[in-house]
Structure formats: structure tokens, C-alpha cells
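Next come the chains, spelled out residue by residue.
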Amino acid sequence: MGKAEQFRDKAQDLAGQAKAKMGNAKDEASERASQAKDRSDEERRAQTEAQDRFDQDYDV
């Protein structure tokens, strides 16, 4: 096996690793975005409920 083949194999291995890491990073970013959206929905719901309770308390 010549030096050129060794470098080519190493380059292919590194390219495969880079693609795998990019795929994992995209999955992780997507998961974080989904969690942030869920949190904002929960915060909005809690804020609405608190405002409703406040309105009911002063709706006499």
C-alpha cells in the first residue's frame, strides 16, 4: 500500500467522521429547538392562566 492510498483512506475516514458529527449536531440542534418551543408554550399557558385568575379575582 503506497503513501497516496494511505492518505486517501485516511481522508475518507475523516470525511465519514465529519459527516457523522454533522448529522449528530443537526439532530441535537433540532431537539434543543423543540424543547425551547415546548418551554415557551408552557410559559405562555402559565401566563394566561395567571392572568385569568387575576381577572377573576377583580371581576367583582
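Up top you'll find the structure we're talking about.
What you see is a predicted model; the values in this text were computed from it and never measured.

> Account for a negative patch on the surface, naming residues and giving values.
Taken together, the side chains of Glu31, Asp38, Glu42 and Glu43 define an acidic patch exposed on the protein surface. Looking at the element boundaries, Glu31 is found in helix α1 (residues 3-57). For Glu31, a relative accessible area of 45% gives the class partly exposed.

> Give me the pattern of salt bridges: which residues, what numbers.
A full pass over the atoms with the stated rule returns 2 salt bridges. Across the pair Glu28 and Arg32 runs a salt bridge whose closest N-O atoms are separated by 2.6 Å. Of this pair, Glu28 and Arg32 both sit in helix α1, separated by 4 residues, roughly a single helical turn. By relative accessible area, Arg32 is classed as partly exposed at 49%. Close ionic contact of Asp41 with Arg44 constitutes a salt bridge, the shortest N to O distance being 3.1 Å. One end of the pair is Asp41 and the other is Arg44, both in helix α1 and 3 residues apart, which spans about a single turn. Under the relative-accessibility criterion, Asp41 is labelled partly exposed at 23%.

What counts and how
- Residues numbered from 1 in each chain as written.
- Predicted model: local features only at pLDDT ≥ 70, side-chain atom pairs only at ≥ 80, totals over all residues.
- Heavy atoms only, no water.
- Patch = residues over 30% accessible without salt bridge, like charges linked within 9 Å, V, L, I, M, F, W, Y side chains within 5 Å.
- Areas by Shrake-Rupley, 256 points an atom, 1.4 Å probe, with all protein chains shown as cover.
- Salt bridge = Lys/Arg side-chain N within 4 Å of Asp/Glu carboxyl O.
- Lys, Arg positive; Asp, Glu negative; His and termini not counted.
- Charge placed at Lys NZ, Arg CZ, Asp CG, Glu CD.
- Helix = DSSP H or I, 4+ residues; strand = E, 2+ residues; numbered from the N terminus.
- Buried < 20%, exposed > 50% of the residue type's maximum accessible area, 1.4 Å probe, protein only.

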